[in-house]
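Structure assessment
So you can see what is in the structure, the chains are spelled out below.
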Amino acid sequence: MDFDLSEDQKILQTSVREFLDKECPKDKVRELEEDERGYDTEMWKKMAELEWMGVVFPEEYGGTEGDFIDLMILAEEMGRYILPSPFFSTVVLSSLPILKYGNGEQKEKFLPKIANGGEIWTLALMESSATYEASDVKLRATPEGEAYLLEGTKLFVPYAHVADHLLVVARTSEEEKPEDGITVFIVDEKSPGIKVEVIPTVSHDKQCEVRFDRVKVPRGNVLGEVGRGFDVVNFIIQTGAVLKCAEMLGGAQAVLEMTNDYAKERVQFERPIGSFQAIQHKLADMFTDVEGLRYLVYEAAWRINIGSPSNLLISMAKAKANEVYQRTCIEGIRIHGAIGFTREEDIGLYYLRTKAAEF
């Protein structure tokens, strides 16, 4: 099977790489780790001008009518540069489900604002159990007149502290099957009763705790059908997993390249360390790992793109991505020597991302 990119896709990949090479050097990544927002607002505007946010939207919503492979390319390149931004939470976790499950009014109201970079979105799914299981959704949504009242707490909500809207997964009824009785709501982050607190994490990736105290949400803000929200959740989990794997693939590829360059430059015993067979074996294993992951991710993305997603392929890609990204970083750090663990070396930034991405 040929997974080579088309000419248009290669042009997109090159343009993204050139932009991020200029706008997102590792010094910027380190700087944004300490930034309260966790992303660069000017870079976000430039990304919107390049039409990245609406890459898969129809023209009527401000998009460029690209496909899922185009989105995969963006995710892979962002992983290569470990770009700190709310792109994943906004475009992948929020706009894709609106595009698929939203009604005409919701699409017309929200998608253009996402496409032009005017709004940041995120998904509020996990709770104290920190799993994606339907049985662990405890946040209650109680009907009251023409609205619902949300009561409960969500954890690990990315970029909630700067978000304009949240997709909130709530339980509207208790049913025999835990997947039934779940509903997804579009919630204005400025609604009374919402409190957000950033959770400190090792990778500085702006995960938040969001508390809902009788937050009022209009019935018209239900995404999809009442009680059938876990269909939306499954869609988010599956498409999001493939694009997160693409992001991890980009990171692993960058680690492989920087380690290969280091092995050519670092001299010991009057020879570059890359000339030693033990180092060559490690680099060959890293290359094999990364290429194997690439084919899994590309096939899983292709299956989604043609409308025939494979849960088996997605699960394989998830398992492989975790294994490959961590192993590539660890072997890369070993080749760098002890200095690889320091903040002065870029490879350490990637290793921190492996710890965040594995969940």
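You'll find the structure just up there.
Thresholds applied
- Residues numbered from 1 in each chain as written.
- Predicted model: local features only at pLDDT ≥ 70, side-chain atom pairs only at ≥ 80, totals over all residues.
- Heavy atoms only, no water.
- Phe/Tyr/Trp six-rings, centres within 6.5 Å; stacked < 30°, edge-to-face > 60°.
- Helix = DSSP H or I, 4+ residues; strand = E, 2+ residues; numbered from the N terminus.
- Buried < 20%, exposed > 50% of the residue type's maximum accessible area, 1.4 Å probe, protein only.
- Lys NZ or Arg CZ within 6 Å of the ring centre and 35° of its normal.
- Salt bridge = Lys/Arg side-chain N within 4 Å of Asp/Glu carboxyl O.
- Axes fitted to C-alpha atoms, helices over the stretch in contact; angles between N-to-C directions.
- Parallel < 35°, antiparallel > 145°, perpendicular 65-115°, else oblique.
- Left-handed = near helix turned anticlockwise from the far one by under 90°.
- Contact = heavy atoms within 4.5 Å.
- Core = buried A, V, L, I, M, F, W, Y, C linked by side-chain atoms within 4.5 Å.
- Patch = residues over 30% accessible without salt bridge, like charges linked within 9 Å, V, L, I, M, F, W, Y side chains within 5 Å.
- Areas by Shrake-Rupley, 256 points an atom, 1.4 Å probe, with all protein chains shown as cover.
- Lys, Arg positive; Asp, Glu negative; His and termini not counted.
- Charge placed at Lys NZ, Arg CZ, Asp CG, Glu CD.
- Pairing = 2+ DSSP bridges.
- Expected span 1.5 Å × (residues − 1).
- Polar contact = N/O pair within 3.5 Å; in protein donor to acceptor, adjacent residues only side chain to side chain.

This part covers the packing of aromatic side chains. This structure, assessed with the given rule, holds seven aromatic pairs. An angle of 75° between the planes, with centres 5.1 Å apart, marks the rings of F110 and W121 as edge-to-face. Of this pair, F110 sits in helix α6 (residues 104–115) while W121 is found in strand β1 (residues 121–124), placing the two residues eleven residues apart along the sequence. Classification of W121 by relative accessible area gives buried; the value is 0%. With 6.5 Å between their ring centres and 85° between their planes, F269 and F276 make a pair best called edge-to-face. F276 sits in the partly exposed class, given a relative accessible area of 26%. Each residue in the set Y39, W44 and Y159 is aromatic and connected to the rest through ring pairs, giving one cluster. Just above the ring of Y101 sits the side chain of K100; from NZ or CZ to the centre is 5.7 Å. For the cation-ring pair, K244 lies above F88, with the distance from its terminal atom to the ring centre recorded as 4.4 Å.

Within the structure shown, the criterion is met by 28 salt bridges. With its nearest N and O atoms 3.7 Å apart, the salt bridge here joins R30 to D27. Of this pair, R30 and D27 both sit in helix α2 (residues 26–33), three residues apart, which is roughly one turn of that helix. Relative accessible area serves as the criterion here: at 59%, D27 is assigned to the exposed category. Across the pair K28 and E31 runs a salt bridge, and its minimum N-O distance is 3.9 Å.

Where helix α8 (residues 277–305) contacts helix α9 (residues 311–336), the two axes come as close as 9 Å, and the packing angle between them is 155°. Classed by the angle they form, the pair α8 and α9 counts as roughly antiparallel. Viewed along their axes, α8 and α9 form a crossing whose handedness is left-handed. Packed against α8, whose contacting residues are I279, K282, L283, M286, D289, V290, L293, L296, E299, A300, R303 and I304, the element α9 presents L313, I314, M316, A317, K320, A321, V324, R327, T328, E331, G332 and I335 at the interface.

What follows concerns the nonpolar core. Within the largest apolar cluster, 119 residues are counted, with the highest numbers of intra-cluster contacts made by M47, W52, F87, L150 and L166. If one sorts the elements of this core by residue count, helix α7 (residues 229–265) sits on top with 20 residues. Leaving out residues up to four positions away in the same chain, M47 has contacts with F19, W52, M53, M78, L83, S85 and F87.

Right, let's talk about a negative patch on the surface for a bit. Taken together, the side chains of E59, E60, E65, E105 and E108 define an acidic patch exposed on the protein surface. Residue position: E59 is located in the loop between α3 (41–49) and α4 (68–80).

Further remarks concern the pairing of strand β2 (residues 140–144). As paired elements, β2 and strand β3 (residues 147–158) share five bridges and run antiparallel to each other. Considered in β3, the bridge of A141 is made with L150. Here β2 folds back onto β3, and the loop between the two strands holds two residues, one of which, G145, carries a positive phi near 65°.

What follows concerns α4. Given a rise of 1.5 Å per residue, 13 residues ought to cover 18 Å, and the 18 Å separating the end C-alpha atoms of α4 matches this to within 8%. Among the 13 residues of α4, 13 are classified as buried, and the element is accordingly described as predominantly covered. N-capping of α4 is provided by D67, with a side-chain oxygen placed 3.1 Å from the backbone N of I69. I82 sits one or two positions beyond α4 and adopts a positive phi of about 40°.

Our focus in this paragraph is the environment of D136. With respect to the element layout, D136 can be found in the loop between β1 and β2. Using a relative accessible area of 22% as the deciding quantity, one classes D136 as partly exposed. When the C-alpha atoms of D136 and E344 are compared, they prove to be 41 Å apart, with 208 residues separating the residues in sequence. The contacts of D136, once residues within four sequence positions are left out, are E127, S129 and T131.

With that settled, consider the side chain of T172. Mapped onto the elements, T172 comes out in the loop between β4 (165–171) and β5 (182–188). Judged by relative accessible area, which is 14%, T172 ranks as buried. Within the structure, T172 has its side chain in polar contact with the side chain of T183 (distance 2.8 Å). Those residues in contact with T172 that lie beyond four places of it in its chain are R140, A141, Y148, G181, I182, T183, F185, V226 and G227.

Just distances and angles here, no functional claims.
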